[in-house]
Amino acid sequence: MSKRRTVASRMGDAIPLQRLDNGGDDYDNSSNSHGRANTSGNHNYIDVRDSTDRPASSLSSIGTPLMTSQADLDDHHAASHSLAATSAASRPAAKRQGAGSARTEPLNPLDNNFKKQRYPANVVSNNKYNVITFLPIVLFEQFKFFFNLYFLLVALSQFVPQLRIGFLFTYVGPLVFVLAVTMAKEWHDDHARKKRDNEANSQRYLRLTEEGPQVIPSKKIRVGDLIIIEKNQRVPADMVLLRTTEAAGACFVRTDQLDGETDWKLRIAVAPTQKLAADAELFALHGSVYADAPHKNIYDFVGTLTVTDGPLAHLPVSVPLAAENTMWANTTLASGSAVGFVVYTGSDTRAAMNTGHAKTKVGILDTEVNLMSKILFGVTLVLSLAMVALDGFKAVWYITLFRFLILFSSIIPISLRVNLDMGKSFYSLAIERDSEIPGSVVRNSMIPEELGRIEYCLTDKTGTLTRNEMEMKRIHMGVMAYTSETSDEVVRHVRA
């Protein structure tokens, strides 16, 4: 009998296969979006990679209970901030600037003149088109392929009396139908993206004010606001962690929607603000928060929190900030509740800067169809030349050649494109309604068939694409090899 073993991996629980929308998600599950489908050469594979070169300031905890002593947190806090403190001491004071630049904002919202801010609005926008760009972009994306361009030229040729063969509708109608189906699919996908964006922008959050918590939508959050984040709530903007409900100032966040990792990350609140008796005392503090210019690296952050006046024992106080003191947008608070100071919004957030503009994706099947249409066109050209040669290349032989090309155009089946588009729409609908993968969302209906072409799944973490259950076949220890039948020898060898 083979022995079943459960292997605890760094990834924690198993997650279903999905795709990250950097430039437009294709297949997404509500819990994670880490798998990235790749197509290279004749082989497709899923590439799931771990970021092993992250700096030491990035902490992670794998299923660790939220039990951390204050002494341990203070020691780790001082050690991890030594580099940030050095850079902060030599950094000149920054002026308030606009999007994409370093900023220094008042710690107390009452001292902040929000009307003079020039930072981007905290709006999520992943749609590809607008009313003006929809038609030209879609037409360009379609006619850059030889398949559609060929039938466009054939249809236009019917407006020339010398080349007209049969009824005009028989050439124009199929092309218009193909383009209409494609436009409808593109509009549906883009409308779904815009709907998801509106839902994210309309999510309600609590903004801490002097009068108490105020409910606002995500799109109205500004740099300098104090936002209360509850357990299992998505973080709407990049924040500096000021306070948590834990006495030690620790909390955990899930970053699977940002970097694809399902293990919880430890975050630590800034010490001076964590020591306050209540959240309302934040409005008795006066100082500033410095944040470096926004960039893509989610494992690096340089900032300084300075308190010049307030109910603290030793003033003024300046505390360096690192990545462990932050909560990035699109992460989720996994434990307790927290109060954060917003430093980046909208396009300045790490999540937005790591998300590329949505592009039109082309599957291998479409590329193959386009190649076959070129081959068939070459066949029709040879047949047409043969027919003209048999006719003796008369005076207007080139017109006869074009007429034969139009006659033989039916060899290239335009109905194939219609069938493919309709089939992709059906596959996309089937994926969303599959009871075995509940919660899956097809964000791009142009390449659902690519899932059937996957040949290799590459991963450096057990549990990313599996159930964390492995059946031991053989284990090599030095020059010895053991099987499941000799597991007792393995135990004795390890204990020895």
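No experiment lies behind these values; they were computed from the predicted model shown. (Residues numbered from 1 in each chain as written. Predicted model: local features only at pLDDT ≥ 70, side-chain atom pairs only at ≥ 80, totals over all residues. Heavy atoms only, no water.)

1. Let's talk about the overall build of the protein chain
Note the cut-off: Secondary structure elements follow DSSP: runs of H or I no shorter than four residues count as helices, runs of E no shorter than two count as strands, and numbering proceeds from the N terminus. Here the term buried applies to any residue with accessible area under 20% of the maximum for its type, exposed to any over 50%, and partly exposed to those in between, with areas from a 1.4 Å probe on protein chains only. Any two residues having at least one pair of non-hydrogen atoms within 4.5 Å are treated as being in contact. Shrake-Rupley sampling with a 1.4 Å probe provides the accessible areas, and residues are treated as covered by the protein chains on show and by no other component.
Along the backbone of the protein chain there are twelve helices and 22 strands. With 496 residues in all, the protein chain has 45% of them scored as buried. Taking all contacts inside the protein chain whose residues are at least 6 apart in sequence as the whole, residues at least 24 apart take part in 71%. By element, 60% of the accessible surface of the protein chain is carried by carbon and sulfur atoms, the whole surface being about 25800 Å².

2. Some points on the UniProt feature "transmembrane region" (unreviewed entry) in the protein chain
Under the convention used in this document: UniProt positions are given in the numbering used here, feature names are shortened, and annotations may be inferred rather than shown by experiment.
Mapped onto this numbering, the UniProt entry gives "transmembrane region" (unreviewed entry) at residues 131-153, 165-184, 371-390 and 396-416. As annotated, residues 396-416 has a helix share of 67% and a strand share of 0%, and its two end C-alpha atoms lie 34 Å apart.

3. Some remarks on the pairing of strand β8 (residues 226-229)
Worth spelling out the cut-off: At least two bridges found by DSSP between two strands is the condition for calling them paired.
Of the two faces of β8, the one lined by Leu226 and Ile228 and the one lined by Ile227 and Ile229 are each fully buried. The sheet contact formed by strand β6 (residues 204-209) and β8 spans two bridges and is antiparallel. Pairing of Arg207 across the sheet is with Ile227, part of β8. Sheet topology places β8 next to strand β17 (residues 338-344); four bridges connect them, and they run antiparallel. The partner of Ile227 across the bridge, within β17, is Gly340.

4. Comments concerning the sheet that holds strand β5 (residues 103-106)
Put simply, the rule reads: With axes taken as lines fitted to C-alpha atoms, and helix axes fitted only over the stretch in contact, angles between N-to-C directions fall between 0 and 180 degrees.
Spatially, the four strands line up as an open sheet ordered β5-β12-β13-β14, and their pairing is antiparallel. Each edge of the open sheet carries a strand with a single partner, namely β5 and β14 (317-321). The average undirected angle you get between the axes of adjacent strands in this sheet is 15°. Here β5 pairs with strand β12 (residues 286-291) via four bridges, running antiparallel. When the sheet's bridge partners are listed, Glu105 is paired in β12 with Val289.

5. Brief notes about the pattern of salt bridges
Heads up, the condition is: Take a side-chain nitrogen of Lys or Arg and a carboxyl oxygen of Asp or Glu: if they are within 4 Å of each other, that pair is a salt bridge.
Following the criterion strictly, the structure yields 14 salt bridges and no others. When the shortest N-O distance is used, the salt bridge between Arg243 and Asp279 registers 2.6 Å. With Arg243 in strand β9 (residues 238-244) and Asp279 in the loop between α7 (271-274) and β12, this residue pair connects regions lying 36 residues apart in the sequence. Given a relative accessible area of 9%, Arg243 falls into the buried group. Among the charged side chains, a salt-bridge network with shared partners connects Asp259, Glu261, Asp263 and Lys265.

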